[in-house]
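Overview (structure and organization)
Below, each chain spelled out in residue letters.
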Amino acid sequence: MMQHARQPSKITLRLGDIGFFAKIGAFGGGGGGLGAVRYSSSVPKIRPKIPQLPKNGRIFTAAFLGIVISGGAYATTKLVNPFFAYLDAETAHHLAVAAAARGWVPREKRPDPSILGMDVWGRRFSNPIGLSAGFDKNAEAVEGLLGMGFGFVEIGSVTPAPQDGNPKPRIFRLREEGAIINRCGFNSEGIVAVAKRLGAQHGLRKLQGRKQLQDLVKKVQAARDEMQWGEEGPPPLLVKIAPDLSKLDLEDIAAVALTLRLDGLIITNTTIARPDPASKNPVSEETGGLSGKPLFNLSTNVLKDMYLLTRGKIPLIGCGGISNGEDAYKKIRAGASLVQLYTAFAYEGPALIPKMKVELAECLERDGFKSIAEAIGADYR
Ligand SMILES: Cc1cc2nc3c(=O)[nH]c(=O)nc-3n(C[C@H](O)[C@H](O)[C@H](O)COP(=O)(O)O)c2cc1C
């Protein structure tokens, strides 16, 4: 079983008027935690109240660290990046976040193709490809990451109090398989530090089963509805699930989501299973949640199941093993309105995002879709 450090118990926080959605992480795998999302819209109505990031030293260091980051945070091959070959995965990751926080990363200046635009929860996403939770756990690098061309960036998971997480090493590369095993166990600077950076808040705790989920969602919805919100209204509330759930669990979650009109589900977190070909790698014996390419089929099946169970009525974010535009497209055809990735971005770096957008637009056009919305669930309608 996965080791976990102290689990999130209860958080109360307020969301500001920037484009967040609140997330409850639930059910096994990476489990609990709290996330918030900032999205990139082609016509932002309100300038987000994110503190200005230092820009000094940008030109000189950009050349060096920009290349480092382009090599991918976890890349180990000497061909891709000799520097990272000598770093453990977590150190490489910290460097990547630090560089993105300072703007020492490539910036995508081209506007997104209009075919990639997507409206969800009354918000406009200029493209549907997001960075998933765990990369920028403490909201240090949101601007830099959005600037790389992501449609949205999820920060967190954030815990109520600062905590270290599990002992290191706790992130392991399965490079040949394009996968990672992690058992970070919610290392987080805590909600006060993160809220200071973002001016934002919301709440959650670890949960299991239909009743607990129902009670929790009701409480978070009620807390959210009591608060004062800007012109965009309250942030949507989403639940993130693991790919290791039984059909019964999925039915329970779908029922709660429909009854309580949950705004969305993120499908999925990492898996405790070791799908082929990851099982052949000796590193797969490490305890932890597996992400990356070997997770793709498992998570896409859960996405499809949930799309059918919720009858396409609830926006779903497809996550798990996406490493190119075609993968993103398959998630959309299986029922996703938006998609997220982590591991492929960590391996391949910022250049992956513009490439994926071009590939996704090509897939849509090839099959005669005029928008993302038209393609959602196309395989199961
Ligand atoms: C090192 C690492 C840390 C992660 N931390 C979190 C986290 O704090 N909260 C969360 O909801 N998901 C976390 N995830 C899971 C990712 O957000 C994502 O759901 C999962 O990795 C599957 O996507 P991928 O195959 O594209 O990586 C983490 C993943 C990795 C690899």
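The preceding data block contains the structure.
Because the structure is a prediction, the values reported are computed rather than measured. (Residues numbered from 1 in each chain as written. Predicted model: local features only at pLDDT ≥ 70, side-chain atom pairs only at ≥ 80, totals over all residues. Heavy atoms only, no water.)

1. Section: the sheet that holds strand β8 (residues 179-182)
Taking strand neighbours across the sheet as the criterion, the three strands line up as β7-β8-β11 in an open arrangement whose pairing is antiparallel. The open sheet has two edge strands with one neighbour each: β7 (171-174) and β11 (289-292). For this sheet the average axis-to-axis angle between neighbouring strands, irrespective of direction, equals 25°. Of the strand pairs in this sheet, β7 and β8 are connected by four bridges, and their pairing is antiparallel. Its bridge partner lying in β8, R173 is registered against I180. (Pairing = 2+ DSSP bridges. Helix = DSSP H or I, 4+ residues; strand = E, 2+ residues; numbered from the N terminus. Axes fitted to C-alpha atoms, helices over the stretch in contact; angles between N-to-C directions.)

2. Comments concerning the site of the ligand
Around the ligand there are 23 residues in total, and A133, S157, G292, G321 and T343 lie nearest to it. A133 is positioned with one of its backbone polar atoms (N or O) 2.6 Å from an oxygen atom of the ligand. Measuring from an oxygen atom of the ligand, one finds a backbone N or O atom of T268 at 3.2 Å. When the ligand is considered free in solution it has 600 Å² of accessible area, and contact with the protein chains removes 98% of it. Looking at the shell around the ligand, the elements that each hand over two or more residues are β5 (129-136), β8 and β11. Top element by residues in the shell around the ligand is β5. It accounts for three residues. Of the residues assigned to the shell around the ligand, the class counts are seven nonpolar, 13 polar and three charged. (Near = heavy atom within 4 Å. Polar contact = N/O pair within 3.5 Å; in protein donor to acceptor, adjacent residues only side chain to side chain. Areas by Shrake-Rupley, 256 points an atom, 1.4 Å probe, with all protein chains shown as cover. Nonpolar A, V, L, I, M, F, W, Y, C, P; charged D, E, K, R; others polar.)

3. Observations concerning unusual backbone geometry
Cis peptide bonds are those with omega within 30 degrees of zero, and the linkage from I267 to T268 qualifies with 15°. Relative to the helices and strands, T268 resides in the loop between β10 (264-267) and β11. Going from D276 to P277, the amide bond is cis rather than trans, its omega being 0°. Not every positive phi belongs to a glycine, and A139 is a case in point at roughly 55°. Relative to the assigned elements, A139 resides in the loop between β5 and α4 (142-147). In this structure, R311 takes a positive phi of about 55° despite not being glycine. The exposure class of R311 is exposed, given its relative accessible area of 56%. (Buried < 20%, exposed > 50% of the residue type's maximum accessible area, 1.4 Å probe, protein only.)

4. A few points about the packing of aromatic side chains
Applying the stated criterion to the full structure yields six aromatic pairs. Aromatic ring contacts, followed pair by pair, group F135, F150, Y342 and F345 into a single cluster. A cation sits over an aromatic face here: R102 above W104, 5.7 Å from the ring centre. (Phe/Tyr/Trp six-rings, centres within 6.5 Å; stacked < 30°, edge-to-face > 60°. Lys NZ or Arg CZ within 6 Å of the ring centre and 35° of its normal.)

5. Comments concerning the environment of G156
Of note, G156 is situated in strand β6 (residues 152-156). The spatial distance from the C-alpha of G156 to the C-alpha of N187 is 9.5 Å, given a sequence separation of 31 residues.

6. Focus on the pairing of strand β13 (residues 338-341)
The alternating pattern of β13 places L338 and Q340 on one face and V339 and L341 on the opposite face, and all of these are buried. In this structure, strand β12 (residues 316-319) lies alongside β13, joined through three bridges in parallel fashion. Within β13, the residue paired with I317 across the bridge is L338. Read as a crossover between parallel neighbours, the route from β12 over helix α9 (residues 325-333) to β13 is right-handed. (Right-handed = clockwise from strand over helix to strand, strands pointing away.)

7. A short note on the side chain of N281
Mapped onto the elements, N281 comes out in the loop between β10 and β11. Only 2.9 Å separates the side chain of N281 from the backbone nitrogen of V283, close enough to count as a polar contact. Discounting chain neighbours no more than four positions away, the residues touching N281 are L174 and E177. (Contact = heavy atoms within 4.5 Å.)

8. A word on the packing of helix α7 (residues 247-259) against helix α8 (residues 296-309)
Interaxial distance between α7 and α8 falls to 10 Å at its minimum, and their mutual angle equals 45°. In terms of their interaxial angle, α7 and α8 are classed as oblique. Note that α7 runs across α8; the crossing there is right-handed. Counting all contacts with α7, which are made through K247, L250, E251, I253, A254 and L258, the residues of α8 involved are V302, D305, M306 and L309. (Parallel < 35°, antiparallel > 145°, perpendicular 65-115°, else oblique. Left-handed = near helix turned anticlockwise from the far one by under 90°.)

9. Looking at helix α3 (residues 89-101)
A rise of 1.5 Å per residue sets the reference length of α3, with its 13 residues, at 18 Å; its end C-alpha atoms lie 18 Å apart and thus fit the reference within 8%. Looking only at α3, the buried set comprises A89, E90, A92, H93, A96, V97, A99, A100 and A101. Following α3 by one or two positions, G103 has its phi on the positive side, about 75°. (Expected span 1.5 Å × (residues − 1).)

10. Quick notes on the pattern of salt bridges
The tally for this structure, following the rule as stated, stands at 19 salt bridges. For E108, the salt bridge identified is with R110, shortest N-O distance 2.9 Å. Sharing partners across several salt bridges, the network here consists of E326, R333, R366, D367 and D379. (Salt bridge = Lys/Arg side-chain N within 4 Å of Asp/Glu carboxyl O.)

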